[in-house]
Amino acid sequence: ARDPEKQTCINNMVRTLGTNAIGYAGMISEGRNTAQALFPERDVAFYVTADVEVRAGRRFATYQQLHRDETYEMVLRDMVDRDERDKNRTLNPLGPGPDSIIVDTTGISIDQALTTMQHAIDECA
């Protein structure tokens, strides 16, 4: 949510749901700034990133499969704009936390990224 009041409200709801899940079986949560803003007490945090052009290419390929009428340039512009907004917001700006493990997926496959993450999780166990 762009509005700080709405973001706080949504964060509180998600934090409550997550805390309940952790109490029963644990959980994996994904989202922009989830580890820092919602679950600072988590065991492991990843900051998954990739070059913006690569991310735009991936999203554009998905949009093509869905027959969405958007150009690569439109997708790239939207991503650049969203990244800027999220990095510069006053409440919970986007970025890795001090203890985040940065996983740059620019030149690796999904399987390689997951393997990297699994190794880090295994080290925490």
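Details of the structure are given in the entry above.
Being a predicted model, the structure only gives us computed values, none of them experimental.

Peer 1: Would you explain helix α3 (residues 52-65) in this entry?
Peer 2: Owing to its 3.6 residues per turn, the α-helix brings residues three or four apart onto one side. In this model α3 runs 20 Å from its N-terminal to its C-terminal C-alpha over 14 residues, within 8% of the 20 Å that 1.5 Å per residue would give. A distance of 3.1 Å separates the backbone nitrogen of glutamate 53 from a side-chain oxygen at the start of α3, and that oxygen is part of aspartate 51. Histidine 67 occupies a position one or two residues after α3 and carries a positive phi of about 60 degrees.

Peer 1: It is not clear to me how the packing of aromatic side chains should be interpreted in this structure. Could you clarify?
Peer 2: The geometry of an aromatic ring pair comes down to the distance between the two centres and the angle between the two planes. In this structure the tally under the stated criterion is one aromatic pair. Ring centres 6.3 Å apart and planes at 85 degrees place the aromatic pair phenylalanine 60 and tyrosine 72 in the edge-to-face group. With phenylalanine 60 in helix α3 and tyrosine 72 in helix α4 (residues 72-88), the pair connects residues that are twelve residues apart, well separated along the chain. Phenylalanine 60 sits in the buried class, given a relative accessible area of 19%. Residue tyrosine 72 is classed as partly exposed on the basis of its relative accessible area of 25%. Against the face of tyrosine 63 rests arginine 68, its NZ or CZ located 3.9 Å from the ring centre.

Peer 1: Would you mind showing me how to read the side chain of serine 100 here?
Peer 2: Mapped onto the fold, serine 100 is located in the loop between α4 and β2 (101-104). Apart from the residues within four sequence positions on either side, serine 100 is in contact with Gln36, Ala45 and Tyr47.

Peer 1: Help me out: how do you make sense of the pattern of salt bridges in this one?
Peer 2: If charged atoms from side chains of opposite charge come close, those side chains can pair. Tallying each qualifying case throughout the model produces four salt bridges. A salt bridge links aspartate 83 to arginine 55; the shortest N-O distance between them is 2.4 Å. Here arginine 55 lies in helix α3 and aspartate 83 lies in helix α4, a separation of 28 residues in the sequence. A salt bridge links glutamate 70 to arginine 68; its shortest N-O distance comes to 2.6 Å. Overall, arginine 68 belongs to the partly exposed group, its relative accessible area being 40%. Bridged by salt links that share partners, the residues Arg82, Asp86 and Arg89 form one connected network.

Cut-offs applied
Residues numbered from 1 in each chain as written. Predicted model: local features only at pLDDT ≥ 70, side-chain atom pairs only at ≥ 80, totals over all residues. Heavy atoms only, no water. Helix = DSSP H or I, 4+ residues; strand = E, 2+ residues; numbered from the N terminus. Expected span 1.5 Å × (residues − 1). Polar contact = N/O pair within 3.5 Å; in protein donor to acceptor, adjacent residues only side chain to side chain. Phe/Tyr/Trp six-rings, centres within 6.5 Å; stacked < 30°, edge-to-face > 60°. Buried < 20%, exposed > 50% of the residue type's maximum accessible area, 1.4 Å probe, protein only. Lys NZ or Arg CZ within 6 Å of the ring centre and 35° of its normal. Contact = heavy atoms within 4.5 Å. Salt bridge = Lys/Arg side-chain N within 4 Å of Asp/Glu carboxyl O.

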